[in-house]
Amino acid sequence: KQEVTQIPAALSVPEGENLVLNCSFTDSAIYNLQWFRQDPGKGLTSLLLIQSSQREQTSGRLNASLDKSSGRSTLYIAASQPGDSATYLCAVRATGTASKLTFGTGTRLQVTL
Amino acid sequence: DVKVTQSSRYLVKRTGEKVFLECVQDMDHENMFWYRQDPGLGLRLIYFSYDVKMKEKGDIPEGYSVSREKKERFSLILESASTNQTSMYLCASSPSPGQVRYQPQHFGDGTRLSIL
């Protein structure tokens, strides 16, 4: 059974810092991996999707990498801003699972002024 | 932009009641999903549907059922609500690989359900 772990569970950084969020998964037979953002009391917003054949994806100040063989992904946020404060979730879609996702429990990020 | 709309943001019901949570998407997606989200447990899949009238159990289907009579609408039903079903419920949709490749799931804003 696929298990997804995110470390740390919570992180507080001053504005302007670059930071890395970590995601690990136990079964490397994945179809893709997604990073989501969730603001308090809200649904999830998709940030980046990396296919199993890709090594990384970039969107603005966000860069996500994937090392499928070691079961790891990182989300890099450059020049953090207070508006980046949210919970970040990673989710993996295993092969042959009809689009089902397995989620980590998230990293709660606070960017302070 | 894809829009996934959940009928209620907050809902309070009593134990034993039959509860309906509604979800509508406007992008003609074939796949629709219901999750619940609890502190420390993350998102867990309850049921999903890959076509009209088709459904499959997720990881925690006990105490729930679903209905998909039209492609755009996916309903979650709590047959007899219990206090342990108090949670945040999230609906999502995505195209099938045959429709559009490599598309993420799109989520609604969630329904916070309290069972008293």
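First things first, this report covers the structure right here in the doc.

### Focus on the packing of aromatic side chains
Scanning the entire structure with this criterion turns up eight aromatic pairs over all chains. Considering the side-chain rings of F33 of chain B and F48 of chain B, the 6.0 Å spacing of their centres and the 20° angle between planes classify their relative orientation as stacked. Placement of the pair is F33 of chain B in strand β4 (residues 31-38) and F48 of chain B in strand β5 (residues 42-51), with a sequence separation of 15 residues. Residue class for F48 of chain B comes out buried when judged on its relative accessible area of 2%. Site record: aromatic cluster; members linked through ring pairs are F36 and F103 of chain A together with F33, Y35, F48 and F107 of chain B.

### A few points about the pattern of salt bridges
A complete count under the given rule lists eight salt bridges over all chains for this structure. A salt bridge links D84 of chain A to R61 of chain A, with the nearest nitrogen and oxygen atoms 2.9 Å apart. Taken as a pair, D84 of chain A in the loop between β8 (72-77) and β9 (86-94) and R61 of chain A in the loop between β6 (56-59) and β7 (62-67) lie far apart in primary sequence, 23 residues in all. For D84 of chain A, a relative accessible area of 7% gives the class buried. Owing to a relative accessible area of 29%, R61 of chain A belongs among the partly exposed residues under this scheme. Across the pair K53 of chain B and E69 of chain B runs a salt bridge whose closest N-O atoms are separated by 2.4 Å. Of this pair, K53 of chain B sits in the loop between β5 and β6 (54-57) while E69 of chain B sits in strand β7 (residues 64-70); the two residues are 16 residues apart in sequence, bridging distant segments of the chain. Comparing K53 of chain B with E69 of chain B shows no difference in burial state: the two are exposed. A network of salt bridges, in which partner residues are shared, links R36, D38 and R44 of chain B.

### Some words on the sheet that holds strand β1 (residues 4-6) of chain B
Residue and element names in this part refer to chain B. An order of β1-β3-β8-β7 is seen for the four strands of this open sheet, with the pairing classed as antiparallel. Both edges of this open sheet fall to β1 and β7, since each of them pairs with a single strand only. Going across the sheet, the axis of each strand differs from the next one's by a mean of 20°, ignoring polarity.

### Some points on the environment of L33 of chain A
Residues and elements named next belong to chain A. The topology assignment puts L33 in strand β4 (residues 30-38). Sequence separation between L33 and L48 is 15 residues; the distance between their C-alpha atoms is 8.4 Å. If sequence neighbours within four positions are ignored, L33 has contacts with C23, F25, L48, L49, I50, L66, S73, A91 and V92.

### Description of the nonpolar core
Counting residues in each nonpolar core, the largest one holds 22 residues, and the members touching the most others are F25, L33, W35, L75, I77, Y88 and L109 of chain A. Within the residue set of this core, elements represented by two or more residues are β3 (19-25), β4, β5 (44-51), β7, β8, β9 and β11 (107-112) of chain A. One finds C23, I46, Y47 and I115 of chain B within the second-largest nonpolar core, a separate group that totals 20 residues.

### Structural notes on the sheet that holds β3 of chain A
Residue and element names in this part refer to chain A. Pairing within the open sheet is antiparallel, and its five strands lie in the order β1-β3-β8-β7-β6. In the strand order of this sheet, the two ends are held by β1 (4-7) and β6, each with one partner. For this sheet the average axis-to-axis angle between neighbouring strands, irrespective of direction, equals 15°. Direction of pairing for β7 relative to β8: antiparallel, over a ladder of six bridges. Each residue of the ladder has a partner; that of A64, found in β8, is L75.

Definitions and limits used
- Residues numbered from 1 in each chain as written.
- Chains lettered and ligands numbered in written order.
- Predicted model: local features only at pLDDT ≥ 70, side-chain atom pairs only at ≥ 80, totals over all residues.
- Heavy atoms only, no water.
- Phe/Tyr/Trp six-rings, centres within 6.5 Å; stacked < 30°, edge-to-face > 60°.
- Helix = DSSP H or I, 4+ residues; strand = E, 2+ residues; numbered from the N terminus.
- Buried < 20%, exposed > 50% of the residue type's maximum accessible area, 1.4 Å probe, protein only.
- Salt bridge = Lys/Arg side-chain N within 4 Å of Asp/Glu carboxyl O.
- Pairing = 2+ DSSP bridges.
- Axes fitted to C-alpha atoms, helices over the stretch in contact; angles between N-to-C directions.
- Contact = heavy atoms within 4.5 Å.
- Core = buried A, V, L, I, M, F, W, Y, C linked by side-chain atoms within 4.5 Å.

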